[in-house]
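# Summary of structural features
Chain residues, written in single-letter form:
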Amino acid sequence: ILFLFASTVQAQTYPAFKDLPSQQAVDPLVGMDGTKITSAAEWNTKRKPELQHLFEYYMYGRKPDAIKVTAKILFEDKQVFGGKATLREVEISFPSESCPKSYLLMALPNKAQGPVPCFLGYNFTGNHSLLADKRIHLPTVWMLGSENKAQPNRATEEGRGKQVDTWNLEYIIDRGYAVATLYYGDIDPDRADQRLGVQKHLWKLKTPEDDDPASVMVWAWGSSRILDYLETDKAIDSKKVALVGHSRLGKATIVAGAFDERFAVVIPHQAGCGGTAPSRTKNPKNESVERINKAFPHWFDTNFKQFGPDTSKLPFDQNCLMALCAPRPLLITNAIEDEWANPAGQFQMLKSAEPVYKLLKAGECASEKMPEVGQFIDSKLGYWIRPGKHSMIKDDWKIFCDFADKWLR
Ligand code: GCU
């Protein structure tokens, strides 16, 4: 199956970098052959698959095939947060003995009657950091930073409960949602050597082949595998899963939303360059394609490196990735001091994804101009910018929950 998939992708032909035309902006409703897309059917059968393939080939690498995962509940406690929630951790295994496992931490509201909508997303610091609870698995893989200076790049006991305010599990429960999260390094440890995560165990890497999956794509694929598991969990309403991710994990969130229609709501938070910000930007205050390719080469595929000096040749911009989430609700959230992530450019991208939503009669972005700080635009294409910096805090969760209330309840 892997072989068949690989050959379908390679059967497509794509222009070499030098043959791509320079363009100031890309209209999601104009195909590579120049034809205008004028119906939902043309979008769904022609332009949507074309854009997915273009993003795979020139930017994120091929999306790996689905793989069957199996799950084992490691512990379950029905009495957390004063009896308000059930906490459990689930070990997710892939069909290869040698492959590292993933650990999914879940909290479910006890008062829910029937299957409950759920927030899903990766965390940066390990499940153990989100709640001080000795039972929660301590990651054993490489980690960005550490609470214990003597053990750099390792999760340690000192980290337990240190990031309670990032994922705000109890608050999410109080809002009536379940939440499922895992450490992103379980899937891909965010190192230049991508062979350290699940990849080398599950498929053949051909590096430096142009369309090998890069880290952002692998994280996106991983969230789809977790959704496969949630679909088997009767307590979860798997048709109402809102995918959330911050920063590089926001990039993975928008990619997952663009490639997997099962995510009912997509919330890339402060995703910036390579996610929701325009790639053609020239402002030194904002991260550029050239900078991101140098600083984080493993996030994107080999082809993408060519566009560093000349982004005008990109056959898409990130508005096209947003448009691939249509007709589903998409919320873009930012912070005013986070210029690096280009909040204003992200709003422009959202507006220029809107023609696709309108063509599909799926809704709009209900603001013509970039909203003021604190003004929440909760339309199908939603936008919010708060005071403060690059981070994920309770104020963000309030907005994520309000948006989910509007579109999932
Ligand atoms: C860096 C990087 C961003 C990224 C961020 C993060 O700042 O330049 O593109 O979003 O790290 O993931 O925290």
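Throughout what follows, the structure given in this document is the object of discussion. This is a predicted model, so every value here is computed, not measured.

What counts and what doesn't
- Residues numbered from 1 in each chain as written.
- Predicted model: local features only at pLDDT ≥ 70, side-chain atom pairs only at ≥ 80, totals over all residues.
- Heavy atoms only, no water.
- Phe/Tyr/Trp six-rings, centres within 6.5 Å; stacked < 30°, edge-to-face > 60°.
- Helix = DSSP H or I, 4+ residues; strand = E, 2+ residues; numbered from the N terminus.
- Buried < 20%, exposed > 50% of the residue type's maximum accessible area, 1.4 Å probe, protein only.
- Lys NZ or Arg CZ within 6 Å of the ring centre and 35° of its normal.
- Expected span 1.5 Å × (residues − 1).
- Axes fitted to C-alpha atoms, helices over the stretch in contact; angles between N-to-C directions.
- Parallel < 35°, antiparallel > 145°, perpendicular 65-115°, else oblique.
- Left-handed = near helix turned anticlockwise from the far one by under 90°.
- Contact = heavy atoms within 4.5 Å.
- Nonpolar A, V, L, I, M, F, W, Y, C, P; charged D, E, K, R; others polar.

Right, let's get into the packing of aromatic side chains. One pass over the full model with this rule turns up 24 aromatic pairs. Ring geometry for Phe124 versus Tyr184: centroids 5.3 Å apart, planes at 65 degrees, classification edge-to-face. Note that Phe124 is positioned in the loop between β4 (116-123) and α3 (164-167) and Tyr184 in the loop between β5 (178-183) and α5 (199-202), a separation of 60 residues in sequence. Between the aromatic rings of Phe300 and Phe304, the centroid separation amounts to 5.0 Å while the plane-to-plane angle is 45 degrees, which identifies the pairing as tilted. By the burial criterion, Phe300 is buried, and Phe304 matches it. Pairwise contacts between aromatic rings join Tyr14, Phe17, Phe55, Tyr57, Tyr58, Tyr60, Phe296, Trp299, Phe300, Phe304, Phe307 and Phe316 into one cluster. The positively charged end of Lys313 is found above the aromatic ring belonging to Phe17, 5.6 Å away from the centroid. Its end group placed over the ring of Tyr177, Arg409 keeps NZ or CZ at 4.3 Å from the ring centre.

Another aspect to go through is helix α7 (residues 248-259). Given 3.6 residues per helical turn, the α-helix brings residues three or four places apart onto the same face. Taking 1.5 Å of rise per residue, the 12 residues of α7 would be expected to cover 16 Å, and the 17 Å separating its terminal C-alpha atoms lies within 8% of that figure. The element α7 is largely enclosed, with a buried count of 12 among its 12 residues. Buried within α7 are the following residues: Arg248, Leu249, Gly250, Lys251, Ala252, Thr253, Ile254, Val255, Ala256, Gly257, Ala258 and Phe259.

Turning next to the packing of helix α2 (residues 40-60) against α7. Where α2 meets α7, the axes come as close as 11 Å, and the angle between the chain directions of the two elements is 150 degrees. When the axes of α2 and α7 are compared, the pair comes out roughly antiparallel. The crossing of α2 and α7 is left-handed. The residues of α7 that touch α2, namely those facing Gln52, Phe55, Glu56 and Tyr60, are Val255, Ala258 and Phe259. Class assignment for the residues of the contact of α2 with α7 results in 5 nonpolar, 1 polar and 1 charged.

The quantities given are spatial measurements derived from coordinates; they are silent on function.
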